[in-house]
Amino acid sequence: MARLPTGISVLDRQLGGGIPSGSIVALTASPASQVELFLYELTAARGTLYLTTIRSEEAVRDGIDRSTTRVGDPTIRDIGGDTALDLDHANDLIATLPEEANLIVDAVDPLERHDTARYRRFLNTLQTHMTNTGSVAVLHAMKGRDVPANRDLTEHVADVVFDLHTEVTANEVINRLAVPKFRGGAALEEPVKLKLAESVTIDTSRDIA
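Thresholds, definitions, all that
Residues numbered from 1 in each chain as written. Predicted model: local features only at pLDDT ≥ 70, side-chain atom pairs only at ≥ 80, totals over all residues. Heavy atoms only, no water. Phe/Tyr/Trp six-rings, centres within 6.5 Å; stacked < 30°, edge-to-face > 60°. Helix = DSSP H or I, 4+ residues; strand = E, 2+ residues; numbered from the N terminus. Buried < 20%, exposed > 50% of the residue type's maximum accessible area, 1.4 Å probe, protein only. 1 Å grid on protein atoms, 1.4 Å probe; cavity = no way out; pocket = protein on both sides within 12 Å on 5 of 7 lines; lining within 4 Å. Points joined across faces, edges and corners; volume = space filled by probe spheres on them. Nonpolar A, V, L, I, M, F, W, Y, C, P; charged D, E, K, R; others polar. Contact = heavy atoms within 4.5 Å. Polar contact = N/O pair within 3.5 Å; in protein donor to acceptor, adjacent residues only side chain to side chain. Core = buried A, V, L, I, M, F, W, Y, C linked by side-chain atoms within 4.5 Å. Salt bridge = Lys/Arg side-chain N within 4 Å of Asp/Glu carboxyl O. Pairing = 2+ DSSP bridges. Arc of directions from axis to C-beta.

**Section: the packing of aromatic side chains**
In this description, an aromatic ring pair is defined by two values, namely the gap between the centres and the angle between the planes. Summed over all chains, the structure comprises one aromatic pair. Taking the centre distance of 6.0 Å and the plane angle of 25° together, the rings of Tyr119 and Phe122 count as stacked. Here the residue Tyr119 and the residue Phe122 both occupy positions in helix H6 (residues 116-133), the gap between them amounting to three residues, near one helical turn. Per residue, the accessibility class of Tyr119 equals that of Phe122, and both read buried.

**Section: the layout of surface pockets**
As a volume, the largest pocket reaches approximately 160 Å³. If you trace the largest pocket, you find it lined by Pro31, Ser33, Val35, Glu36, Thr52, Ile54, Arg55, Asp106, Ala107, His140 and Met142. Elements supplying a minimum of two residues to the lining of the largest pocket: helix H2 (35-42) and strand S7 (136-142). Each residue belonging to the lining of the largest pocket can be placed in one class, and the counts come to five nonpolar, three polar and three charged.

**Observations concerning the environment of Thr133**
Here Thr133 lies in helix H6. Note on Thr133: relative accessible area 10%, which makes it buried. The sequence separation of Thr133 and Thr28 amounts to 105 residues, and the corresponding C-alpha distance is 24 Å. When near neighbours in sequence (up to four residues on either side) are disregarded, Thr133 contacts Leu97, Pro98, Glu99 and Glu100. Of the polar contacts made by the side chain of Thr133, one reaches the backbone oxygen of His129; its length is 2.8 Å.

**Quick word on the side chain of Ser23**
Within the secondary structure, Ser23 is located in the loop between strand S2 (19-20) and strand S3 (24-29). In contact with Ser23, other than residues within four places in its own chain, are Met130, Ser135, Val136, Ala137 and Asp159.

**Brief notes about the nonpolar core**
Counting 32 residues, the largest nonpolar core has Phe38, Val138 and Phe162 as its most contacted members. Looking at this core, the elements that each hand over two or more residues are helix H1 (9-14), S3, H2, helix H3 (57-66), S7, strand S8 (160-168), strand S9 (173-182) and strand S10 (192-196). Here this core gets six residues from one element, more than from any other, and that element is H2. Setting aside chain neighbours within four positions, we find Val138 in contact with Val25, Leu27, Leu39, Leu42, Leu103, Ile104 and Val105.

**A short note on the pattern of salt bridges**
By the definition in use, this model includes ten salt bridges. Here the residues in one salt-bridge network are Glu36, Arg55 and Asp106, joined through shared partners.

**Let's talk about the pairing of strand S6 (residues 102-106)**
Of all five residues making up S6, five are buried, and the element is well covered by its neighbours. The alternating pattern of S6 places Asn102, Ile104 and Asp106 on one face and Leu103 and Val105 on the opposite face, and all of these are buried. The sheet contact formed by strand S4 (residues 48-52) and S6 spans five bridges and is parallel. Paired with Tyr50 across the strands is Ile104, a residue of S6. Summarising the sheet, S6 and S7 pair through five bridges and their orientation is parallel. By the bridge assignment for S7, Asp106 is matched with His140.

**Observations concerning the side chain of Thr48**
One can find Thr48 in strand S4. Among the polar contacts listed, one links the side chain of Thr48 to the backbone oxygen of Arg46, at a separation of 2.9 Å. When neighbours within four sequence positions are excluded, Thr48 is seen to be in contact with Leu42, Thr43, Pro74, Thr75, Asn102 and Ile104.

**Concerning H3**
Of all the residues in H3, the buried ones are Val60, Gly63 and Ile64. Down the axis of H3, the buried set is contained in an arc of 95°. They therefore lie on one face. For H3, exposure combined with an orientation more than 90 degrees from the buried face picks out Glu58, Asp65 and Arg66. Contact partners of the buried residues in H3: H2, S4 and strand S5 (75-78).

Below you can see the structure in the form of structure tokens.
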């Protein structure tokens, strides 16, 4: 199965070259984390359609422009709203995705709050388009106080699950990335400790018990 590099070299090495083409990736992370650094670095790997549901197009563009890491020039579209039209708008935009491209949905939470049957159809349509185009979709899912009821559906349909855990201590901020699910490859046996500062790198410091 062909692999598409994420563009984050430390992660690609851990994953044996990248993510299988045609995959849906669920990236779960705390809202108070550097997860956006992940999303921005993904845009450097290939052409990217960046769908924002909470922040405006201008806010996302400004964040990418101010980022100190390697980034691309994604097409950014705001699909935020309060009605079921959000899913229709997302489907219309996803249908324009070319072959071997990236799709980022940041964040998927508002879409997960729609009727379960409609959201399931959205995920299945997304899966079909990713397979047909050999692309990769990354659904950023927030681990907050109000997790949508359809989160289990997102993680079940996803081919790959990235779980970013951020721990704040009195002395440091510790970020660990777990990959508990990986269809078409091997899940990581243990979390990878990361530095999320100006770019995404592996933290080689040793933990002292």
